[in-house]
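If you want the building blocks of each chain, they are given just below.
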Number of protein chains: 6
Amino acid sequence: MLNSVTNCFLCCDNPFDRADTVLFGAPFDGTVSYRPGARFGPQAIRNESWGIESYSPVLDKDLQDIRVCDGGDLDLPFGDVPAALDAIEAQTEEILQAGKLPLLLGGEHLVTLPAVKAAARQYPDLHIIHFDAHADLRQDYLGVGLSHACVLRRCWEILGDGRIFQFAIRSGDREEFRFARAGHTRMQTQDFQGLDEVLRHLQGKPVYFTCDLDVLDPAVFPGTGTPEAGGVSFPQLAQAVYQVAAGAQVVAADITELSPPYDSGGISVMAACKLLRELLLALHCHQ
Amino acid sequence: MLNSVTNCFLCCDNPFDRADTVLFGAPFDGTVSYRPGARFGPQAIRNESWGIESYSPVLDKDLQDIRVCDGGDLDLPFGDVPAALDAIEAQTEEILQAGKLPLLLGGEHLVTLPAVKAAARQYPDLHIIHFDAHADLRQDYLGVGLSHACVLRRCWEILGDGRIFQFAIRSGDREEFRFARAGHTRMQTQDFQGLDEVLRHLQGKPVYFTCDLDVLDPAVFPGTGTPEAGGVSFPQLAQAVYQVAAGAQVVAADITELSPPYDSGGISVMAACKLLRELLLALHCHQ
Amino acid sequence: MLNSVTNCFLCCDNPFDRADTVLFGAPFDGTVSYRPGARFGPQAIRNESWGIESYSPVLDKDLQDIRVCDGGDLDLPFGDVPAALDAIEAQTEEILQAGKLPLLLGGEHLVTLPAVKAAARQYPDLHIIHFDAHADLRQDYLGVGLSHACVLRRCWEILGDGRIFQFAIRSGDREEFRFARAGHTRMQTQDFQGLDEVLRHLQGKPVYFTCDLDVLDPAVFPGTGTPEAGGVSFPQLAQAVYQVAAGAQVVAADITELSPPYDSGGISVMAACKLLRELLLALHCHQ
Amino acid sequence: MLNSVTNCFLCCDNPFDRADTVLFGAPFDGTVSYRPGARFGPQAIRNESWGIESYSPVLDKDLQDIRVCDGGDLDLPFGDVPAALDAIEAQTEEILQAGKLPLLLGGEHLVTLPAVKAAARQYPDLHIIHFDAHADLRQDYLGVGLSHACVLRRCWEILGDGRIFQFAIRSGDREEFRFARAGHTRMQTQDFQGLDEVLRHLQGKPVYFTCDLDVLDPAVFPGTGTPEAGGVSFPQLAQAVYQVAAGAQVVAADITELSPPYDSGGISVMAACKLLRELLLALHCHQ
Amino acid sequence: MLNSVTNCFLCCDNPFDRADTVLFGAPFDGTVSYRPGARFGPQAIRNESWGIESYSPVLDKDLQDIRVCDGGDLDLPFGDVPAALDAIEAQTEEILQAGKLPLLLGGEHLVTLPAVKAAARQYPDLHIIHFDAHADLRQDYLGVGLSHACVLRRCWEILGDGRIFQFAIRSGDREEFRFARAGHTRMQTQDFQGLDEVLRHLQGKPVYFTCDLDVLDPAVFPGTGTPEAGGVSFPQLAQAVYQVAAGAQVVAADITELSPPYDSGGISVMAACKLLRELLLALHCHQ
Amino acid sequence: MLNSVTNCFLCCDNPFDRADTVLFGAPFDGTVSYRPGARFGPQAIRNESWGIESYSPVLDKDLQDIRVCDGGDLDLPFGDVPAALDAIEAQTEEILQAGKLPLLLGGEHLVTLPAVKAAARQYPDLHIIHFDAHADLRQDYLGVGLSHACVLRRCWEILGDGRIFQFAIRSGDREEFRFARAGHTRMQTQDFQGLDEVLRHLQGKPVYFTCDLDVLDPAVFPGTGTPEAGGVSFPQLAQAVYQVAAGAQVVAADITELSPPYDSGGISVMAACKLLRELLLALHCHQ
């Protein structure tokens, strides 16, 4: 009669071995410059997930139809950034080597770096599709290179020009936009225009999909470290996620920057849960 | 010099006998599965209503021009669901038998069931127009049939096929959507497309209009028990309400699922107040 | 490297069979008359428990030294009070029959009733020690007998006069205080005076210990359904708990009425966690 | 079956003519220097009062036993301080002239000034007992004399030396404390020591009792405009209120400075409600 | 190594003499009728401004490129409305006479009145472009003429017919809309249609631009005194601001009605910061 | 007429050269294990300090009488713990070498370590008086030695046995208490008993005074990273601070662990402000 004390995202309680996709959390916010709290993101997503259904009427699919393992959260040390990143990298690698798709729940956006490192080792031709409010292309932030504000720049150092495709960017300093305009990345500001064309271009290429949830408008998603006015709506983001899942060969993915202490009314975590469900189902439709 | 301690929605202080429309509150949230608090909805609407005007610039009408009685809240027992529903049914019946339009303020969505029962007795040919994020068509919820998640299914058991017209639905389990697609109800997902056609179809038929406020996007309306990302905007909902008021013969109505404890910044209650004002004025324009 | 997704109170992850004490949650708040939300209490206690230590410097004991199983939460139906109570009774009985001590986490205070029923069947000579702000001795509340405001009255109907010992009571209606003064229960208002004497009197008798956390001052414990000014301090409550654990033969216990939506600053859940740890360790010292 | 929409403090619904005591609210916070919001105080007290009982176990009295009229709130203009104060003065006078005891609910502390003016006209030998965290003895505040920080100074200008008895004061500027030490008022800092002696001294004298609720510790009463660490506990304040009610001839009274927007967890309004109940009952015991 | 304790909006730390534009705050909310708190607006904008960049990707300009002085806040008396307004008028005049553009940060909307007075003395042919949810054209509000609800009416008394251009108005009483329709102001309800035409009409005329931030939808901007459902989006407002800055000869401007105590999740202050940055940069592009 | 944009703690605007005491902030929370946010502490203390007076009635002293410089906050990198600690150490050293008393505002408690390092270089015979809820004596925390949970252990490694005097400790793991009992530090649990004796023992010795504000009860001080039930009251803490200031030769001091995002009702920051004022004034009385 008792529930087990197991605590998954919805019904994603498949054992690792039987799963196609492995969720795991990286409760890390050690380089957040404005409002910390993203460390509480993965657990909030699990706790609140029972407030939505496991079924998507848009996709006419249910999480019960697919095989996802929610592996829980990594135990990350506080105050030791390199050690935390190493743990994320090792975990991503383990999942990739088992032939499964890793889906990382941040935490702040810097968690993308080690996951990309692991994926690039497995898939040397890796490309990145990046949804975000912020360009994240700084060379350093207050002298620190391993910062959430620099994460795509660090990824670019690994992958090089022409590999990173940024969408809906609406904030950054002048240098970041110059860097993109110089051709190091392809950047679409404000919205998702051109996504179809990019997806055609990436046909057959392995793709890492990283979604910083602050791409959403702060009205829809206040619970984040650096809210930036003027973002996209939830249906716009969901539509873009469907496009990526249908049109790209996604080999790893992440969703980052939910910060529950700033989640007024608890609407941000519900948006994150629904987006995660749609991403899982949409990826499955095209595997 | 003292205000009386009377506490109405805006200036809706007409005595019952002189009113065309009778507002009353059903402070009930006994079957809410996720976040309770809708019990505080009707009183919050009254308390905060003085933050808006009694005049609608869209309709160029003022509540002072029409005759509404705010009858206050029912005294409902906590923990005895059938007794609470009976009290709502009796009150609705009393208003209908006096030849007035009952406008019920929830409370959770289950309060619609007894009001529909009373209205269906008075108007055997009753039809329902239903705005909501959720289909509410479950057979039961965790073994309980009298649940907010089942309320339209219970209504269907009373009215039968072809009587229920659902709009802007964006959540439910697979069975609920199958039930609708099987023709038991007419369901429009995500938005209000087809509302005009439905209204033409319902010409001359008595209509119960039920509006679960979580049909609004959680950005606009965070203060609700089960926020579901991706809802309609306030102007979209207001427009649809104007259409219903103009195009249907509404004999009873409700507005449900405002949950003040989750109303970040107090914006949800203000949206509910404005929608209620517009509904009252729009219904009056066409009586 | 991954945490399991198991989610216990601190390190209370012993299997049922190896445990002396079994924690379980009853996420029920269906009869709460003022502010609902106690349904979220047990899960909040688990989630936040890692903010405290497993070691008590006062008792010089650690939860790692003792054998507690956290069995998780019961799956309770919303809106069907008798069914929920039956599930709690059955679970309590199962634990008692396995020779273990059940420790129930509410939920609202009505959850005590089915646990007392189960315990009284096992121990016909059962006595109750009751810490609370409220007398909970009403005959009914708005016509409903199965209400959190009546729970000790219902227990009295089972056990009879001279079995219930109430402490720190500071609220109730006139009839409740008359009922106690008439000798049906022994009631100490405001504080814990006389607890030692009561414990001597109960020597050798089986005791059910129920602690409604609103006995604490609202400053210390704002996160509760019915805060009542003028309560006891945390050290006063902890001291009384040590006395009960040392001086009574506790056969079952509960901690109730944490309501996380009203827990400003998250201090109430931390107080609940610490009290639960101290209760578990103190009971063990004397088993 | 419907509740009337009347909205009183608990059961204080006696008509003016049959009442001994008349409650009324002055929703005014126009001179608050730090955190405004006290305007919402009186309505919050009414709305939340049903969360406590009408019976006091300490006094063994019930509000149903006594005759209190809750007259509602004054309609005060925003931004016109003198007009607001005039309205309060007129209302207080009307109640006094009807031979009833006015009990004013603030609003900020400046509302005391017009009530004292009215009372001093009726009772030229008026004395004041003042409970507060702040001395409120400034000559002016940022050049403004009609300020909550100056209210007792303004009262002193009306009544003169030896008439004002201040207790539990723990904040002010150097000049305010010098003013008190110079003998213009009798001031007890930090606590209520000497209250008995003062009450003996005031035997037979008419007393205005003013209680700024920020005299309570901010832990107990966070919902106030100027929280000041280190205040008294609720039982200490209640005890002092019982002493005043029993030992002084109170002819008018007020309770001020509840600011609901800062009331974390809703505990401040509950403390205000309970104190108001105890004050009403205690005053009645000795009329 | 220490930061200075200087606290500006972003990098707007130019000395007065070297600046083209002078920001200053008027922390005044003395006539707010519903929810006070706008007094905290200017300081919140400064404190939180480091959460956004100084660079605008839309305008490709950086605040470091232009010369803005943030002069801090005026010291305004609480409870003396005329004195507060005089101080704002004098400060605006000083900036205008120094040949600089004053940019006033409210505070409530009444602060616009003294700034318009000062600007109209300097520019007798002054016109006003007004973005707001509310018409603010009342003759008086509860008998008070110096009220935020009357501010544009007071401005009209100074400037006369044909000088005030209102956009996106969605609330007011019947008289206010009649007043506008009678030709005293030109009012566009709900949105910014016709702004281009107005700007052509105002070619060469000095313009005071006043932006009440509650023109934004409450979802985007909950932190305001009188949230009104159904407002414009941030991109819509930013676009209109760009149009005004490019098409009008703005001689003074203000941004008002941010109320931080109601800013759920801190998103309103971030929106205000971004809008202020865009306004400063856009005005500079066309100076 | 404008305020300067300087933003100090109250009136502590003396230039460095003329000051006896130099306040500075270390907005660092990079190793916080539970709830981050202490980075916002120093700025919150400055922003809200105008809610209290500069005068202490207990000490009969005013900050205007003494010479304190508020030097603002250090610019600390996010995500680089050693660099942040180095900056704090350098700043502390600079102040000490100028012959002034450094008073550091955290930030989390780890900021004490670099300040102690600097002070121990200047005063090799340095002793520490430590007020805290937590022992902070761990060897490491999740493998990290530079953690707020280990800070006193790190200090002990610098100073050795017999130099650290801990008071009011009520939490830690078993090893930490064993470490203290083994004589490495002198630890008083729960309260300040024995403080006088310790102060006599430290006569003539240089003392670093570190106060983790979570020593206060969470009711009084909810705004902290790791609230622990059962702490001391504000008057108890203030009294102990007066004793330390009067009885010890304090050469440097800090106040840490205010975390504004969790400061319900804003009472924690006000308590921190008042304690800081009392500490500054009390230290000055005895310099």
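Located above this text is the structure these notes cover.
Residues numbered from 1 in each chain as written. Chains lettered and ligands numbered in written order. Predicted model: local features only at pLDDT ≥ 70, side-chain atom pairs only at ≥ 80, totals over all residues. Heavy atoms only, no water.

1. As for the sheet that holds strand β1 (residues 21-26) of chain A
All names here are of chain A. With parallel pairing, the 8 strands of this open sheet are ordered in space as β4-β1-β5-β10-β9-β6-β7-β8. Looking at strand neighbours, the two that pair on one side only are β4 (68-73) and β8 (186-189), the edges of this open sheet. The average undirected angle you get between the axes of adjacent strands in this sheet is 15 degrees. Looking at chain direction, β1 and strand β5 (residues 101-106) are connected through 6 bridges and run parallel. Residue pairing for β5: Ala 26 is matched across the bridge by Gly 106. (Pairing = 2+ DSSP bridges. Helix = DSSP H or I, 4+ residues; strand = E, 2+ residues; numbered from the N terminus. Axes fitted to C-alpha atoms, helices over the stretch in contact; angles between N-to-C directions.)

2. Some thoughts on the interface of chain C and chain D
On the chain D side, the residues contacting the 24 residues of chain C number 23 residues. Each partner contributes to the roughly 1,800 Å² buried at the junction of chain C and chain D, and carbon and sulfur atoms together form 54% of this total. Three residues, Tyr34(C), Arg174(C) and Ala229(C), lead the burial of chain C against chain D; their summed loss comes to 34% of the area buried on that side. Joining chain C to chain D, the criterion identifies 4 salt bridges. The salt bridge involving Glu53(D) is made with Arg138(C); its shortest N-O contact spans 3.0 Å. If you look at where chain C meets chain D, you find 7 residue pairs in polar contact (both at pLDDT 80 or more). Class assignment for the residues of the side of chain C that touches chain D results in 8 nonpolar, 7 polar and 9 charged. (Contact = heavy atoms within 4.5 Å. Buried area = accessible area lost by both parts, 1.4 Å probe. Salt bridge = Lys/Arg side-chain N within 4 Å of Asp/Glu carboxyl O. Polar contact = N/O pair within 3.5 Å; in protein donor to acceptor, adjacent residues only side chain to side chain. Nonpolar A, V, L, I, M, F, W, Y, C, P; charged D, E, K, R; others polar.)

3. Describing the relation of the copies chain C and chain D
With an RMSD of 0.0 Å, the operation that places chain C on chain D is a rotation of 120 degrees combined with a shift of 0.0 Å along the axis. As the rotation angle and translation indicate, the two copies are arranged about a three-fold axis. The residues that chain C uses at the interface reappear at the interface of chain D in only 8% of cases, marking distinct surfaces. (Least-squares fit on C-alpha atoms with pLDDT ≥ 70 in both.)

4. What about the side chain of His109(F)?
Residue and element names in this part refer to chain F. Here His 109 shows up in the loop between β5 (101-106) and α3 (112-122). Only 3.0 Å separates the side chain of His 109 from the side chain of Asp 136, close enough to count as a polar contact. A distance of 2.9 Å separates polar atoms of two side chains, one belonging to His 109 and the other to Thr 210. Sequence-distant contacts of His 109, that is, excluding residues within four places in its chain, are made with His 130, Asp 132, Asp 136, His 148, Val 151, Leu 152, Thr 210, Asp 212, Thr 256 and Glu 257.

5. Description of the pairing of strand β5 (residues 101-106) of chain D
Residues and elements named next belong to chain D. With 6 of 6 residues buried, β5 is to be regarded as a mostly interior element. Across 3 bridges, the pairing between β5 and strand β10 (residues 249-256) is parallel. By the bridge assignment, Leu 104 is partnered in β10 with Asp 254. (Buried < 20%, exposed > 50% of the residue type's maximum accessible area, 1.4 Å probe, protein only.)

6. Re the environment of Leu96(F)
Residues and elements named next belong to chain F. Mapped onto the elements, Leu 96 comes out in helix α2 (residues 81-97). Judged by its relative accessible area of 5%, Leu 96 falls in the buried class. As a C-alpha pair, Leu 96 and Ala 118 span 22 residues in sequence and 8.2 Å in three-dimensional space. Look past the residues within four positions of Leu 96 in its chain and what remains in contact with it is Pro 102, Ala 118, Ala 119, Gln 122, Tyr 123 and Val 251.

7. Remarks on the pattern of salt bridges
Pairing of side chains with opposite charge becomes possible as their charged atoms draw close. All names here are of chain C. One pass over the structure, following the stated rule, counts 96 salt bridges over all chains. Arg 154 is paired through a salt bridge with Glu 157; the nearest N and O atoms lie 3.0 Å apart. A residue pair is termed a helical-turn pair when its members lie 3 or 4 positions apart in one helix, as Arg 154 and Glu 157 do in helix α4 (residues 151-159) at 3 residues. Looking at Glu 157, the relative accessible area reads 42%, which means it is partly exposed.

8. Focus: the packing of helix α7 (residues 234-247) of chain B against helix α8 (residues 267-285) of chain B
Residue and element names in this part refer to chain B. In contact at an axis separation of 9 Å, α7 and α8 are set at 20 degrees when each is read in the N-to-C sense. Judged by the angle between their axes, α7 and α8 are roughly parallel. Crossing angle aside, the handedness with which α7 passes α8 is right-handed. Where α7 approaches α8, its residues Phe 234, Leu 237, Ala 238, Val 241, Tyr 242 and Ala 245 are matched on the opposing element by Ala 271, Lys 274, Leu 275, Glu 278, Leu 279, Ala 282 and Leu 283. Here the residues of the contact of α7 with α8 are counted per class, giving 11 nonpolar, no polar and 2 charged. (Parallel < 35°, antiparallel > 145°, perpendicular 65-115°, else oblique. Left-handed = near helix turned anticlockwise from the far one by under 90°.)

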